[in-house]
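Chain by chain, the residues:
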Amino acid sequence: MFGAVGEATSLRYDGGTAIITLLGGGTKSSKVESLLPWGTPVREHRLNPWLVHSLQRHLNEAEANLACTAIIVHGEGSFCCNGLDLAWVDAHGGGSAAD
């Protein structure tokens, strides 16, 4: 869906608990900061179609796992989620997530 950007989340299990991690926890002081094509720093875990698609895929996988009794979602680095990705909205003319 987003080509070379990579995965936004990872999923692992600890017993019956699914642990979903929002990836890309680099720091602002890093010499090279990972940016999404529209300019949002990956480390901020802002809600955009790239993150939502990956998160939904892992939530669906955890839900389908009959051994899973709990789900934990957390973010790498300083942020869990920094809210709506306004840079994505601006870059896409305020279009819908389906665009």
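Refer to the preceding data block for the structure.
Conventions we followed
Residues numbered from 1 in each chain as written. Predicted model: local features only at pLDDT ≥ 70, side-chain atom pairs only at ≥ 80, totals over all residues. Heavy atoms only, no water. Helix = DSSP H or I, 4+ residues; strand = E, 2+ residues; numbered from the N terminus. Expected span 1.5 Å × (residues − 1). Contact = heavy atoms within 4.5 Å. Polar contact = N/O pair within 3.5 Å; in protein donor to acceptor, adjacent residues only side chain to side chain. Salt bridge = Lys/Arg side-chain N within 4 Å of Asp/Glu carboxyl O. Buried < 20%, exposed > 50% of the residue type's maximum accessible area, 1.4 Å probe, protein only.

Draft legend 1. Expanded view of helix H1 (residues 49-64). Along its 16 residues, H1 runs 22 Å from first to last C-alpha, staying within 8% of the 22 Å computed at 1.5 Å per residue. Of the surrounding elements, those touching the buried residues of H1 are strand E1 (9-14), strand E2 (17-22), strand E3 (70-75) and helix H2 (86-91). Its side-chain oxygen at 3.0 Å from the backbone nitrogen of Trp50, Asn48 defines the N-terminal cap of H1.

Draft legend 2. Inspection of the pattern of salt bridges at higher detail. This structure, assessed with the given rule, holds 3 salt bridges. Where Arg43 meets Glu44, a salt bridge forms, and the shortest distance between an N and an O atom there is 3.9 Å. According to the relative accessible area criterion, Arg43 is buried, its value standing at 10%. You can call Glu44 buried: its relative accessible area is 13%. Notably, a salt bridge pairs Arg46 with Glu44, separated by 2.6 Å at the nearest N-O pair. A relative accessible area of 24% places Arg46 in the partly exposed class. Residues participating in the shared-partner salt-bridge network are Arg43, Glu44 and Arg46.

Nothing here speaks to function; it is all geometry.
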